[in-house]
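# Architecture at a glance
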Amino acid sequence: MNALSLVPMFLVGLAGSVHCIGMCGGIVGALSLGGGAPAPTRPVIAIAVARPALQTTLQTNVLRVLAYNGGRIVSYMLAGALAGSLAGAGMLHLASLQVAGYWLANLMLVALGLYLMDAWRGLAHLEAAGNVVWRRVRPLLKPLMPMDTPLKALAVGGLWGWVPCGMVYSALLTAMMQGSALNGAATMAAFGLGTLPTLLGMGLLGTRLRTQMQRRPVRIASGLLVLGFGLLGLLRAANGVSLGWLDALCVTGHP
C-alpha cells in the first residue's frame, strides 16, 4: 500500500465528517469550555482575540481538542489493525470471500452516501445494534469527566472512537480488505485524518461551524462524494477491473 492509495479514504472521512458533527459535535464543543458545558455561542478564537488575557485558555483548549482527536484516531487505527489482521490470518484468503467483502464495502459506502443526504436511514439501525458494545464502554467515561486536562481528553477520545457509527463501520470493511494489520491501521488513520479538520474546527470555533456544516447543501454535496466512490467501486467490481474501491483513482495495485 502506498500513500496515494489512502487519498480516497481520506476524502471519505472529510466528506463524512458532517455526520461526525452530529455524533461528536457536542463533546468536542464542550472541550472548548473545559468541561461538560455547552459550546460557546461565539467562537473561542474570537473571544481570545478580543481579550488577550484569555490566550492561555485558548492554548489549553487547543491542546485538549488535539488530545481528544488524537485518542479518537488511535482507536480507529487499533480497530483497523484488528480488522486487517483477519485477512492477514488467512480468514479472508478465499477468493469468494474477498469478492463478497469488496462488494459489501462498496455497498456500505453507497448506504453512507445516502445516509449523509438523509435519503435513506438504514445505517441508523446498524448504529443502534452497535449500542450493545457501547453500553459496556460508556461507564468508563465517568471518571474522566469533566475533561479539564489534555490527558483526560485523550482518554475520552480513545473511548469515543468505539461509539457505534455507520461511517466508521464502512471504513472498517475497507480496512479489513487490506490484508494486514499494518495496512488496516493505515487505512483507518487516513479516514480519521479526513475527519480531523471539521472536528478541530468544531472544537475551536464553537457552534457556528456546526450550524454551517449541518446545512442541507453541505450534507448533499458530501453524500454525493461518498456515494460516487461507492458506485464507482461497484462498477469496477462488476466489470472485473478491480475488487476494491481504493483504486478508483487508479493509484493502487489491486489485480
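Only a predicted model underlies this, so the values are computations on that prediction, with no experimental measurement involved.

The next thing to look at is the overall build of the protein. Of the regular secondary structure elements, the protein holds ten helices and zero strands. Ordered by position from N to C terminus, the α and β elements of the protein give α-α-α-α-α-α-α-α-α-α. Every one of the 255 residues in the protein was classed for burial, and the buried ones make up 50%. In the protein, once contacts between residues fewer than 6 apart in sequence are set aside, the share between residues at least 24 apart is 78%. Counting only carbon and sulfur atoms, one obtains 70% of the accessible surface of the protein, whose full area is about 11,500 Å².

Turning our eyes to something else, we now look at the UniProt feature "transmembrane region" (unreviewed entry) in the protein. Following the UniProt record, one finds the feature "transmembrane region" (unreviewed entry) at residues 73–94, 100–117, 151–172, 184–206 and 218–238. Helix makes up 94% of residues 100–117 and strand makes up 0%, while its end C-alpha atoms are separated by 26 Å. Split by type, residues 151–172 is 77% helix and 0% strand. Its first and last C-alpha atoms lie 27 Å apart.

Turning to unusual backbone geometry, a few remarks are in order. Along the chain, Met145 connects to Pro146 via a cis peptide bond; the corresponding omega equals -5°. Secondary-structure assignment places Pro146 in the loop between helix 5 (122–137) and helix 6 (150–160). The backbone of Asp118 shows a phi angle near 60°, a positive value even though the residue is not glycine. Checked against the element boundaries, Asp118 lands in the loop between helix 4 (95–116) and helix 5. Look at Asp118 and you get partly exposed, because its relative accessible area is 41%.

In this section: the environment of Leu159. Turning to its location among the elements, Leu159 is positioned in helix 6. With 87 residues separating them along the chain, Leu159 and Arg72 place their C-alpha atoms 7.2 Å apart.

So, how was this worked out
Residues numbered from 1 in each chain as written. Predicted model: local features only at pLDDT ≥ 70, side-chain atom pairs only at ≥ 80, totals over all residues. Heavy atoms only, no water. Helix = DSSP H or I, 4+ residues; strand = E, 2+ residues; numbered from the N terminus. Buried < 20%, exposed > 50% of the residue type's maximum accessible area, 1.4 Å probe, protein only. Contact = heavy atoms within 4.5 Å. Areas by Shrake-Rupley, 256 points an atom, 1.4 Å probe, with all protein chains shown as cover. UniProt positions renumbered as here; feature names shortened; annotations may be inferred.

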